[in-house]
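# Architecture and fold: a report
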Amino acid sequence: MYSNWETVIGLEIHAQLSTNSKLFSGSSIAYGAEPNTQANEVDLALPGTLPVLNKEVMNLAARLGIALNATINKRSVFERKNYFYPDLPKGYQTSQLELPIVEHGELFISVNGEEKRIGVTRAHLEEDAGKSIHGAAEGCTGIDLNRAGTPLLEIVSEPELSSAAEAVAYMKKLHSLVQYIGICDGNMQEGSFRCDANVSVRPKGQEELGTRAEIKNINSFRFVEKAINYEIERQIDLIEDGGEVVQETRLYDAEKNETRSMRSKEEANDYRYFPCPDLLPVVIDDSFIDAVRGDMPELPDAKKARFVSDFGLSDEDAAQLTNSRPMADYFEAVVADGVEAKMAANWCNGELSAWLNKEEKDVAESPVSAAMLAGMCKRIADNTISNKIAKEVFEGMWNGEGDADAVIDAKGLKQITDTGAIEAMIDEIIANNAGQVEQYRAGKEKVFGFFVGQVMKATQGKANPAQVNQILKQKLAG
Amino acid sequence: MTWHTKTLTELSNAIAARETTSRELAEHFIARVEAFDGELNTFVTRTFDAALAAADAADARRAAGESLGPLDGLPFAHKDIFCTKGVKTTCGSKMLDNFISPYDATVVEKLQAAGMVCLGKTNMDEFAMGSSNETSYYGDVKNPWNTSKVPGGSSGGSASAVGARLVPATTGTDTGGSIRQPAAFCGITGIKPTYGRVSRYGMIAFASSLDQAGVFATTAEDAALMLQAMSGFDERDSTSIERPVDDLVTGLGESLAGKTIGLPKQFFADGLEPEVKDAVDAAINEYKNLGAEVKEIDLPNIGLSVPVYYVVAPAEASANLSRFDGVRYGHRCDNPEDLTDLYKRTRAEGFGDEVKRRIMMGTYALSSGYYDAYYIKAQKIRRLIRDDFLKAFEEVDLIAGPTTPGLPFGLGEQTDDPVTMYLNDIFTIGVNLAGLPGMSIPVGEASGLPIGLQLVGKHFGEAELLNAAHQYQQVTDWHKAIPAAFQ
């Protein structure tokens, strides 16, 4: 029913930079401290205090610029964005407007197997505000300035995303990228990676953009998708009913799955930007950029290509492994330990990922280390355990029962490879199932599976399947 | 004893020669503040107990042979724009009437490290916005030469206190003339160094790209002594310059023979009061006698200084003063109904008229649709004014002219007419826009009121500037004049 419409989406993503201290003061930015214990006289905006740029942010911003194949401006300027709010101590936010540090970048996303280039307009440095805690005391709002001054990179895409799925793909790609290059921890619960979405619709074929609404502060991939889809439907329904979309800021309510108006353009502030006279323009040179470039880790796309060419993995397997740098590193550690790449990939993408998802853990938190997984894979390779039994071994390792050998020993999962023992067992089964033997010999080959099942049952799955097959065939043939 | 008729340098020598002690000097000047300040209103806050303790500590250091240097144990006062730990820091505003700073400004730390003894905080125009010290929440400061006249502003308290010899020296700040104009009006020596020479950390901001701390004293030699201790790079101020500080004191004594002094023709045009012109001409003649050559120069864009300043300074101030919102410190209105009410009433009650006027001018200049026409245009002209000065300095070593167009005016005389008030700084503002060092020294009097000569140096040319003032003071006595009522 919406097939006559086309959607235009641009995302503004705030990534909190992984520095030790704030953008313009020496205060710590560690998460979760007691309110106002990480706010010094600069953060409190006491009279007479002045900002001093934390130079580390230039390094981190330049990394992003390189990763996005963007222009890194040799001269960038901090400006004051003026507005009053209790959690904004100076009455202005120090940000970049005319001359941001990064401009004209690009990011490639893949949706339904198709690759698409999304332009990144700019990425600029700015300081975060503090936090208002409403109802901190009876009838009062508390202000926590621990977060005030935390360095952010605001990464602004071109309005080139045309569906919620593309928006999510872009956001996930960027989320992975900032972690890859070590500039942001990507922790969305703690607000280290947040998204504003600009959404508009227009009749298919129309050049001119529709009026957009900005949905603020969406803090999960799922909500981004839902909020955008809701907003698209809202706008189309509104226009089709003869209404008009107004330019405004909207808030997504996850509980009700709807967006609602926060403030319209008419109520919007005139921010009166002007260059901050307390800070000099930041000037960097080629040697600085070259040094950062020399220090860059391998980027996801390059890593994926290498996994395909060096390890012979499928595109799909390589893409899944390289989605996150810790997973890619984990995989490489398993391979480095002497495990065949395809087997390592199967276990990383299969059992390991499944357990991580199930228990909502990061690779870094996995109870099964790369060395443990490698140890287990070797037991598969040397026929100590079968693939099937290995899942049980993996579960044992996950639950803290020790490494693969310990679990195999403790649970007696070692594969039975003693031909004599298997033969004796098979003889007994043949003797006890004369009817089935007759059926098999009469040409009903399906019954073979019954015999395999009986052997596995008798050995609790520990018999070597290949051996079982071979011996059974011989014996049944009579 | 008449210690108050001595210069800082003389007092320093007297301590070194054991002719007096820091304690005796502190008590002497405290007594003068107590005797005369009721009339002049130069102090907002007196810190006498702390001063006496600091004086005793200085005496103890000296007795132990551990003197901190020539300033150790000498009394002075800070303009109340510098944050002083544990001491009320008001910036002349009701907004900060209850503000006890939890930290020291860099300038405060440096003078403390030099051993100076601070007697208190001096009155000033509210947030340094004014040319007469009539915008202070703490009342008008009087000119010691004639208490019906203004002392100039914004550092009126600091200038009047030195003029009346209540203290031998004070700190000040200068955004558009706030050291030089009151120095001229009070008959003393004042210097504003190059922008970036003295740290602004802890100095409450009015217009960040123009504000610069400096000194009031009775001689150029004293000003050099104190400025030396205040200057230097500070990593807490990104606009302070990482460059060694010249030796300002031993640089004094160089002959002016062969030096060229430029006289901007625009500074001697119509509108200059004849008494001021006569005194300045006489001073220039004195410089010729000292061997300097004099040459007319052209600063073609200097006439735009005042309008440019009144765009740039209020624009910066409008943002700088946003932090005074009643949320974290300072004045807060009673029983705010909601957030908007808190902001509106706090700021309406806490700020005076001149501050509000400038916040409004600045907000207007930065507003969408006006920004290019005002702020950007003003920045371009500011660059032209700076270039004019730099070009002139290719041909001259110093620039000289009147500090002010007229004599100190009467209290209340110009308060209803902001534009006339703003024109007081017509000769001084360009120097701030260009970031150059400037001074005012007393060079005459008319109707019992002092007249100042402004000297302007090259960027970081404080040593040469101070030497030029010092040479003049070697052959003249204007700087020694003390108002009759305060001898």
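Residues numbered from 1 in each chain as written. Chains lettered and ligands numbered in written order. Predicted model: local features only at pLDDT ≥ 70, side-chain atom pairs only at ≥ 80, totals over all residues. Heavy atoms only, no water.

## Some details on the side chain of Glu248 of chain A
All names here are of chain A.
- Examined against the element boundaries, Glu248 turns out to sit in strand 13 (residues 248-253).
- Exposure remark for Glu248: the relative accessible area of 9% places this residue in the buried category.
- Here Ser261 takes part through its side chain, which lies 2.7 Å from a polar atom of the side chain of Glu248. (Helix = DSSP H or I, 4+ residues; strand = E, 2+ residues; numbered from the N terminus. Buried < 20%, exposed > 50% of the residue type's maximum accessible area, 1.4 Å probe, protein only. Polar contact = N/O pair within 3.5 Å; in protein donor to acceptor, adjacent residues only side chain to side chain.)

## Quick notes on the nonpolar core
- Among the nonpolar cores identified, the biggest contains 142 residues, and Phe127, Tyr287, Phe389, Leu455 and Leu466 of chain B are the most heavily contacted of them.
- When neighbours within four sequence positions are excluded, Tyr287 of chain B is seen to be in contact with Leu256, Ile261, Ala292, Ile441, Leu453, Leu455, Ala468, Ala469 and Tyr472 of chain B.
- Core analysis: the next-biggest nonpolar cluster, separate from the first, contains 107 residues, Met376, Ala390, Phe394 and Ala404 of chain A among them. (Core = buried A, V, L, I, M, F, W, Y, C linked by side-chain atoms within 4.5 Å. Contact = heavy atoms within 4.5 Å.)

## Observations concerning the packing of aromatic side chains
- Counted according to the given criterion, the structure contains 31 aromatic pairs over all chains.
- Ring geometry for Phe223 of chain A and Tyr252 of chain A: centres 5.7 Å apart, planes at 50°, overall tilted. Taken together, the positions of Phe223 of chain A in helix 3 (residues 221-240) and Tyr252 of chain A in strand 13 put the pair 29 residues apart, joining distant regions of the chain.
- Note on Tyr252 of chain A: relative accessible area 12%, which makes it buried.
- Feature note: the residues Phe99, Phe127, Phe324, Tyr329 and Phe351 of chain B constitute an aromatic cluster, connected by ring pairs.
- The ring of Tyr271 of chain A has Lys81 of chain A lying over it, and the distance from NZ or CZ to the ring centre is 4.4 Å. (Phe/Tyr/Trp six-rings, centres within 6.5 Å; stacked < 30°, edge-to-face > 60°. Lys NZ or Arg CZ within 6 Å of the ring centre and 35° of its normal.)

## Overview of helix 7 (residues 325-336) of chain A
Residues and elements named next belong to chain A.
- With twelve residues, helix 7 extends 16 Å between its outermost C-alpha atoms, agreeing within 8% with the 16 Å of an ideal straight helix rising 1.5 Å per residue.
- Among the residues of helix 7, those classed as buried are Met327, Ala328, Tyr330, Phe331, Val334 and Val335. Buried residues in helix 7, looked at end-on, bunch into an arc of 160°, giving them a common side.
- Each element contacted by the buried residues of helix 7 is listed here: helix 2 (164-180), helix 5 (300-311), helix 6 (315-322), helix 8 (341-358) and helix 9 (370-381).
- Taken from the residues just after helix 7, Gly338 is the one with a positive phi, measuring 100°. (Expected span 1.5 Å × (residues − 1). Arc of directions from axis to C-beta.)

## Side note on the environment of Val42 of chain A
- With respect to the secondary-structure elements, Val42 of chain A resides in the loop between strand 1 (5-16) and helix 1 (56-67).
- C-alpha of Val42 of chain A to C-alpha of Val52 of chain A: the two residues are ten residues apart in sequence and 9.4 Å apart in space.

## Examining the pattern of salt bridges
- Within this structure, the stated rule accounts for 50 salt bridges over all chains.
- In the salt-bridge network here, residues are joined through shared partners; they are Arg80 and Asp278 of chain A together with Arg200 and Asp237 of chain B. (Salt bridge = Lys/Arg side-chain N within 4 Å of Asp/Glu carboxyl O.)

## Some words on the interface of chain B and chain A
- With 38 residues of chain B at the contact, the number on the chain A side is 31 residues.
- Between chain B and chain A the total buried area reaches about 2,800 Å² when both faces are included, carbon and sulfur atoms providing 59% of it.
- On the chain B side of the interface with chain A, the three residues burying the most area are Ser238, Arg323 and Arg328 of chain B, jointly 22% of the side's total.
- Seen at the junction of chain B and chain A, the total is one salt bridge.
- In this structure, Arg200 of chain B engages Asp278 of chain A in a salt bridge whose closest nitrogen and oxygen atoms are separated by 3.0 Å.
- Our enumeration of links across chain B and chain A arrives at 17 residue pairs in polar contact (both at pLDDT 80 or more).
- Elements supplying a minimum of two residues to the side of chain B that touches chain A: helix 9 (305-320), helix 10 (339-350) and helix 11 (353-366) of chain B.
- Considering every element that reaches the side of chain B that touches chain A, the biggest residue donor is helix 9 of chain B, with four residues.
- Class assignment of the residues belonging to the side of chain B that touches chain A gives a composition of 19 nonpolar, ten polar and nine charged. (Buried area = accessible area lost by both parts, 1.4 Å probe. Nonpolar A, V, L, I, M, F, W, Y, C, P; charged D, E, K, R; others polar.)

## A word on the environment of Asn399 of chain A
Residue and element names in this part refer to chain A.
- Structurally, Asn399 can be placed in the loop between helix 10 (387-398) and helix 11 (404-411).
- Asn399 gets classed as partly exposed once you look at its relative accessible area, which sits at 45%.
- Along the chain, Asn399 and Ala410 lie eleven residues apart, while their C-alpha atoms are 13 Å from each other.

## Let's talk about unusual backbone geometry
- In this structure, Ser154 of chain B follows Gly153 of chain B across a cis peptide bond, with omega equal to 10°.
- If you trace the backbone, Ser154 of chain B turns up in the loop between strand 3 (117-122) and helix 5 (156-163).

## Things to note about the sheet that holds strand 5 (residues 92-96) of chain A
- Pairing is antiparallel across the open sheet formed by three strands, whose spatial order is 5-4-15 (chain A). A single partner strand is all that each edge strand has here, and the edge strands are strand 5 and strand 15 (274-275) of chain A. (Pairing = 2+ DSSP bridges.)

## Notes on the pairing of strand 4 (residues 169-174) of chain B
Residues and elements named next belong to chain B.
- Counting buried positions along strand 4 yields six of six residues, so the element is predominantly enclosed.
- Burial along strand 4 is two-sided: the face carrying Ala169, Thr171 and Thr173 and the face carrying Thr170, Gly172 and Asp174 are both buried.
- Here six bridges tie strand 4 to strand 6 (residues 212-217), and the two strands are oriented antiparallel to one another. Looking at strand 6, one finds that Thr173 is bridged to Ala213.

## What about the packing of helix 13 (residues 434-441) of chain A against helix 15 (residues 465-477) of chain A?
Residues and elements named next belong to chain A.
- Relative orientation of the contacting elements helix 13 and helix 15 amounts to 85°, with a least axis distance of 10 Å. The angle between helix 13 and helix 15 places the two elements in the roughly perpendicular class. Touching Val437, Tyr440 and Arg441 of helix 13 are Lys475, Leu476 and Ala477, all from helix 15.
- The residue inventory of the contact of helix 13 with helix 15, partitioned by class, reads four nonpolar, no polar and two charged. (Axes fitted to C-alpha atoms, helices over the stretch in contact; angles between N-to-C directions. Parallel < 35°, antiparallel > 145°, perpendicular 65-115°, else oblique.)

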